[in-house]
Amino acid sequence: VYPDRYMGSFIKLFDWVWGTAYSVRGKRFVITGGGGALGQAIVAELEQEGVQNIRSLEFGVDWDHQHFAKAIAALSACDVLILAHGTQGQDAVESNCNSAVQLVRLFKQNRSFNQTSPTLPEVWYIGSEIELHPSFGKEQLQRYSQSKRRFLPHARSFFDDPDIIYRHIVPSVFQSPLGLVPASLVASYTMCWIRRGARYIPVTYTGVAYLNYFKLMYWVPRAQDTDQM
């Protein structure tokens, strides 16, 4: 029995109002992209939630797009994998899609059963509203859009995977020269949703993330090769 598979009590309205449907207390975390603005903000939120530990995997040290062996030990000893790394550069597809799928696959294969926390392993992926809205003809945004949209069939498959709990976090732009919507607020709102048991987390001031839910759940086909990469 995996209690986290059924997130909520008999009175689900109470859970949603008070945020008691789900707790990260005592869980072991691994995060990629932990040095980024949103990664740091999520780590700060988790540290206030009473988690057991948080391990940050550094790109170029613990893993890169072709080598993941050094990350296996950390993946095998955690309960929740947060994929917060990403780029809009030339390697966007490798970073935002291919490496993310590979890390999830290795997590599923190597995560050891924890007798003190007999729950399904979890994956939190930081998506983007670019999964739905146009790139406005900008080359950099086009690469970013392509990479994020290429991941969506895998995300759709992860939602239905009986061996993991998958959460898809979709924020609006949270950084700009004007400092519009600080990363700390995005992280706080993300945890507010997760405490209520949500698996699709729209963190938006535009509303696009809400529309993106229907695209992801009803339009995007499931990947057929998620476990063969």
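Residue indices begin from 1 for each chain and proceed along its sequence in written order. Confidence filtering applies because this is a predicted model: local features only for residues at pLDDT of at least 70, side-chain atom pairs given and counted only at 80 or more, and all residues used for totals across whole chains, interfaces and linings. Values shown for side chains rest on all heavy atoms present in the structure; no hydrogens or waters enter the calculation.

Asks: Please set out the overall build of the chain residue by residue, giving values where relevant.
Replies: Numbered from the N terminus, helices here are DSSP runs of H or I no shorter than four residues, and strands are runs of E no shorter than two. In terms of regular secondary structure, the chain is built from 7 helices and 6 strands. Listing each helix as α and each strand as β along the chain from the N terminus yields α-β-α-β-α-β-α-β-α-β-α-β-α. Scored against the burial criterion, the 229 residues of the chain give a buried share of 53%. Values of accessible area rely on a 1.4 Å probe in the Shrake-Rupley scheme; residue burial ignores everything except the protein chains shown. As displayed, the chain has an accessible area near 11200 Å², and 57% of this comes from carbon and sulfur atoms. Type-normalised accessible area, obtained with a 1.4 Å probe on protein chains alone, sets the label of each residue: buried when under 20%, exposed when over 50%, and partly exposed for intermediate values.

Asks: Please set out the packing of aromatic side chains residue by residue, giving values where relevant.
Replies: Pairing of aromatic side chains requires ring centres within 6.5 Å, counting the rings of Phe and Tyr and the six-membered ring of Trp. Pairs whose planes differ by under 30 degrees are stacked, by over 60 edge-to-face, and all others tilted. Enumeration according to the criterion identifies 12 aromatic pairs in this entry. Ring centres of Tyr200 and Tyr213 lie 5.2 Å apart, and the angle between their planes is 70°; this geometry places the pair in the edge-to-face category. Residue Tyr200 is located in strand 6 (residues 200-203), and its partner Tyr213 is located in helix 7 (residues 208-218); the two are separated by 13 residues in the primary sequence. The class for Tyr213 is partly exposed, based on a relative accessible area of 29%. With 6.4 Å between their ring centres and 85° between their planes, Tyr213 and Tyr218 make a pair best called edge-to-face. A relative accessible area of 62% places Tyr218 in the exposed class.

Asks: Give a detailed account of the pattern of salt bridges, specifying residues and quantitative values.
Replies: By definition, a salt bridge exists where a carboxyl oxygen of Asp or Glu is found within 4 Å of a side-chain nitrogen of Lys or Arg. Enumeration over the complete set of coordinates arrives at 9 salt bridges. One salt bridge in this structure joins Asp160 and Arg156, with 3.1 Å as the shortest N-O distance. Residue Asp160 and its partner Arg156 are both found in helix 5 (residues 139-160); the two are separated by 4 residues, about one turn of the helix. Look at Asp160 and you get partly exposed, because its relative accessible area is 40%. Exposure remark for Arg156: the relative accessible area of 7% places this residue in the buried category. Here Arg222 makes a salt bridge to Asp160, at a shortest N to O gap of 2.5 Å. Separated by 62 residues along the polypeptide, Arg222 in the segment after helix 7 and Asp160 in helix 5 bring together distant segments of the chain.

Asks: Before we move on, could you go through a nonpolar patch on the surface and cite the residues and values that matter?
Replies: Together, Val173, Leu180 and Tyr205 make up a nonpolar patch on the protein surface, roughly 300 Å² of accessible area in all. One can find Leu180 in the loop between strand 5 (165-171) and helix 6 (183-195). A patch consists of residues whose relative accessible area exceeds 30% and which take part in no salt bridge; residues with like charges are grouped when within 9 Å of each other, and nonpolar side chains (Val, Leu, Ile, Met, Phe, Trp, Tyr) when within 5 Å.

Asks: How would you sum up helix 2 (residues 37-47)? Please name residues and give values.
Replies: For helix 2, the set of buried residues is Leu38, Gly39, Ala41, Ile42, Val43, Glu45 and Leu46. Here, residues are in contact when the closest pair of their heavy atoms is within 4.5 Å. Where helix 2 is buried, its residues contact strand 1 (28-32), strand 2 (53-57), strand 3 (80-83), strand 4 (122-126) and helix 6.

Asks: Provide a residue-level description of the confidence of the model for the chain, including the pertinent values.
Replies: Looking at the chain, the pLDDT average stands at 88 and 84% of residues meet or exceed 70. Every residue in residues 1-10 is under pLDDT 50, and counting partners more than four places away or in other chains gives 27 contacts. A residue's pLDDT is simply how confident the predictor is in it, with values from 0 to 100.

Asks: I'd like a description of the sheet that holds strand 3, backed by residues and values.
Replies: Strands pair, by our definition, only if DSSP identifies at least two bridges between them. The 6 strands lie next to each other as 2-1-3-4-5-6, forming an open sheet whose pairing is parallel. The open sheet has two edge strands, strand 2 and strand 6, and neither has a second partner. Within the sheet, the average angular offset between the axes of one strand and its neighbour, ignoring direction, is 15°. Interaxial angle, 0 to 180 degrees, is taken between N-to-C directions of lines fitted to C-alpha atoms, where a helix line uses only the stretch in contact. Sitting on the sheet, helix 4 (residues 92-110) is in contact with strand 1, strand 3 and strand 4, with an inclination near 175° to strand 3. In the packing of helix 7 onto the sheet, contacts are made with strand 5 and strand 6, and the angle to strand 6 comes to roughly 150°.

Asks: Talk me through the nonpolar core; I want residue IDs and the actual numbers.
Replies: A general trend in soluble globular proteins is that nonpolar side chains are found buried together. Judged by nonpolar contacts, the single largest core of 32 residues is most densely connected at Leu75, Leu83, Phe151 and Tyr166. Of all the elements in the fold, those that place two or more residues in this core are helix 3 (72-76), strand 3, helix 4, strand 4, helix 5, strand 5 and helix 7. Top element by residues in this core is helix 4. It accounts for 7 residues. In contact with Phe151, other than residues within four places in its own chain, are Asn96, Cys97, Ala100, Val101, Tyr125, Phe158, Tyr166 and His168. Buried residues of nine kinds, namely Ala, Val, Leu, Ile, Met, Phe, Trp, Tyr and Cys, make up a nonpolar core once their side-chain atoms join them within 4.5 Å.

Asks: Give me the environment of Met217: which residues, what numbers.
Replies: With respect to the helices and strands, the residue Met217 is situated in helix 7. Not counting chain neighbours up to four residues away, the residues in contact with Met217 comprise Arg156 and Phe159.

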